[in-house]
Amino acid sequence: MTERKHKAQKYFDKGQEAMKLKDYEGAAAWFAALIEYEPLDKEAQELFQKASVLHAQKDFNALKKIGYSILGNLLVSFSPKSATHYIGVLSANKPQDPKLAATYGRCLMASDQPGLAAVAFRRALNFLPGNKGILKAAGPAFEAVDDKPGAIEVYSQLAKFEPGQGKWAMKVKDISAVHYGDTGGITDLKSARSEDEKKAAELQTKEGKLERIKELLHEYNQDKEANAPLLRDIGRLFLSIESWDRALNIWSKIYEADEADEEAAANIAKCYAKMGEMEKAKERYLELHEAHPLDPRYCDSYYEIQLQEVDDQLEESPEDEELIEKKEALKKDHIDKKVEIYKELSKKRAGDVETLLEYALLLEKQGSTDEAIPVFQKVSQSPARALIALHHLGWLFIEKKQLTLAVDTFKRALEKIPQSKAISTEKKDLWFGLGEAYQKDNNIEEAKEWYKKVYENDIEFRDIRERYEALLS
């Protein structure tokens, strides 16, 4: 059973209830909302498609089909967003049509629904895996929902089809670097998909993994020099069952053979940290951080260990002013260092909206409002990340006392929220932001209207009760 957050599980349960009642339209809506919230939930994807097909095929006669086809195809050319419903029903009614599925995917992207778009593109690629047009449209959708393996696969195919277009190979390298580490790339991806690794991944139990380790160790011992590469698979399996001491032994052997092996160095540091040997872990992470200054993982690990050490000391002396100041200084140093890293990464990966978004969020956390605003504005130009960028921009404009801009930005953000029966926390926060912007601009009537929306939907949201009731009185 898939583990879901409370909100996602609630959507899933509602969808299943609707399916049992044969309310396929309602079920599709619930599963669609869940996919936009958790876009990689495979069970929800399958049930959404099933519900959509059952709804589309119910009472979908020839006359209705002709009408939807004429209207949908007409709207696609000049307003894909408006065509989404019609193309979606047509696609669900004919789920084996890859081109129709791809068109639906494009409409969903135009409607700022990347989760559902990714589902449509996956269906299209099942039937036409080598279609360049579909691949080019699918790539951004997979990136938008953080399906890095899917995006890598798409861009690696495009790199083969269009070898003269260096941007595809660069996409593969950049996304692989984020997903698999700085040394990542399509070569490493293929290596990670070796037959033995697949078999190991299929063994879900600890006992099964231990049995696989025995097999690999036996094979390794037959000829240690020739079978040295098997140590890497053995080390990964020990990590997966959290056998830190045995994993440390294996990765140390690999590191002794090649001190430039980044994976070995990183896993040795991880083992030390898990075993409570913090000084050794800190030393290793510092070495990795200095060797790979643009890899945020090692920066995070290095500072997390130092912060944990201070937290442990604060448990014994919670009022120690020096420790409190030390913790705040470490947190500031960490953010400052991450800002430096992402400033460079945003230049190195020009056009990568995820890197740019992380840079903007870090600037905001650092308190660099003036620097964060233009970066968020750049991110807001990407349909996949416009909502989150506009959301943060609205609050930054309030902080700058640019209240008219804040109101306009929050309203633009509201237009980006996918349609759903449930009122999301994000939507309530945007309403709350509009109320605060209007209140600070002394437009009390408008402030009350927006606060009222939050108050009626969630009286416990932030301090809405006190704010709204104070304005009413």
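For the structure, see preceding data.
Structure report, in brief. Just so it is clear, the structure is predicted and the values come from calculations on it, not from any experiment.

1. Considering the environment of Y298
Along the chain, Y298 falls in helix 18 (residues 296–316). What makes Y298 buried here is its relative accessible area of 4%. Along the primary structure Y298 and E287 are separated by eleven residues, whereas in three dimensions their C-alpha atoms are 9.0 Å apart. Setting aside its immediate chain neighbours within four residues, Y298 contacts E262, A266, Y285, L288, H289 and H292. Only 3.1 Å separates the side chain of Y298 from the side chain of R297, close enough to count as a polar contact.

2. Thoughts on the pattern of salt bridges
One pass over the full model with this rule turns up 32 salt bridges. As a salt-bridge pair, R232 and D261 come within 2.5 Å of each other at their nearest N and O atoms. You can see R232 sitting in helix 14 (residues 230–240) and its partner D261 sitting in the loop between helix 15 (244–257) and helix 16 (262–274), a full 29 residues away along the chain. A relative accessible area of 25% means that R232 is categorised as partly exposed. Between K282 and E279 there is a salt bridge, with the nearest N and O atoms lying 3.5 Å from each other.

3. What to know about helix 14
Across the eleven residues of helix 14, eight count as buried, placing the element largely inside the fold. Those residues of helix 14 not exposed but buried are L230, L231, D233, I234, G235, L237, F238 and L239. Of the residues flanking the end of helix 14, it is E242, one or two places downstream, whose phi is positive at about 60°.

4. Comments concerning the packing of helix 5 (residues 80–93) against helix 6 (residues 98–110)
Running from amino to carboxyl end, helix 5 crosses helix 6 at an angle of 145°, the nearest separation of the two axes being 8 Å. When the axes of helix 5 and helix 6 are compared, the crossing they make is left-handed. Residues P80, K81, A83, T84, I87, G88, L90 and S91 of helix 5 lie in contact with helix 6, whose contacting residues are L100, A101, T103, Y104, C107, L108 and A110. Considered class by class, the residues forming the contact of helix 5 with helix 6 number ten nonpolar, four polar and one charged.

5. Focus: the packing of aromatic side chains
Applying the stated criterion across every chain yields a total of nine aromatic pairs. Where Y455 meets Y468, the ring centres are 4.7 Å apart and the plane angle is 45°; that geometry is what we call tilted. Here Y455, found in helix 25 (residues 444–457), pairs with Y468, found in helix 26 (residues 464–472); they are 13 residues apart in sequence, far enough to count as distant. One aromatic cluster is present, formed by W395, F410, F432, Y451 and F461 through successive ring pairs. Taking NZ or CZ as reference, R284 lies 5.1 Å from the ring centre of Y255, over its face. Positioned above the aromatic ring of W431, the side-chain terminus of K453 is 5.6 Å from the ring centre.

Reading guide: rules and limits
- Residues numbered from 1 in each chain as written.
- Predicted model: local features only at pLDDT ≥ 70, side-chain atom pairs only at ≥ 80, totals over all residues.
- Heavy atoms only, no water.
- Helix = DSSP H or I, 4+ residues; strand = E, 2+ residues; numbered from the N terminus.
- Buried < 20%, exposed > 50% of the residue type's maximum accessible area, 1.4 Å probe, protein only.
- Contact = heavy atoms within 4.5 Å.
- Polar contact = N/O pair within 3.5 Å; in protein donor to acceptor, adjacent residues only side chain to side chain.
- Salt bridge = Lys/Arg side-chain N within 4 Å of Asp/Glu carboxyl O.
- Axes fitted to C-alpha atoms, helices over the stretch in contact; angles between N-to-C directions.
- Left-handed = near helix turned anticlockwise from the far one by under 90°.
- Nonpolar A, V, L, I, M, F, W, Y, C, P; charged D, E, K, R; others polar.
- Phe/Tyr/Trp six-rings, centres within 6.5 Å; stacked < 30°, edge-to-face > 60°.
- Lys NZ or Arg CZ within 6 Å of the ring centre and 35° of its normal.

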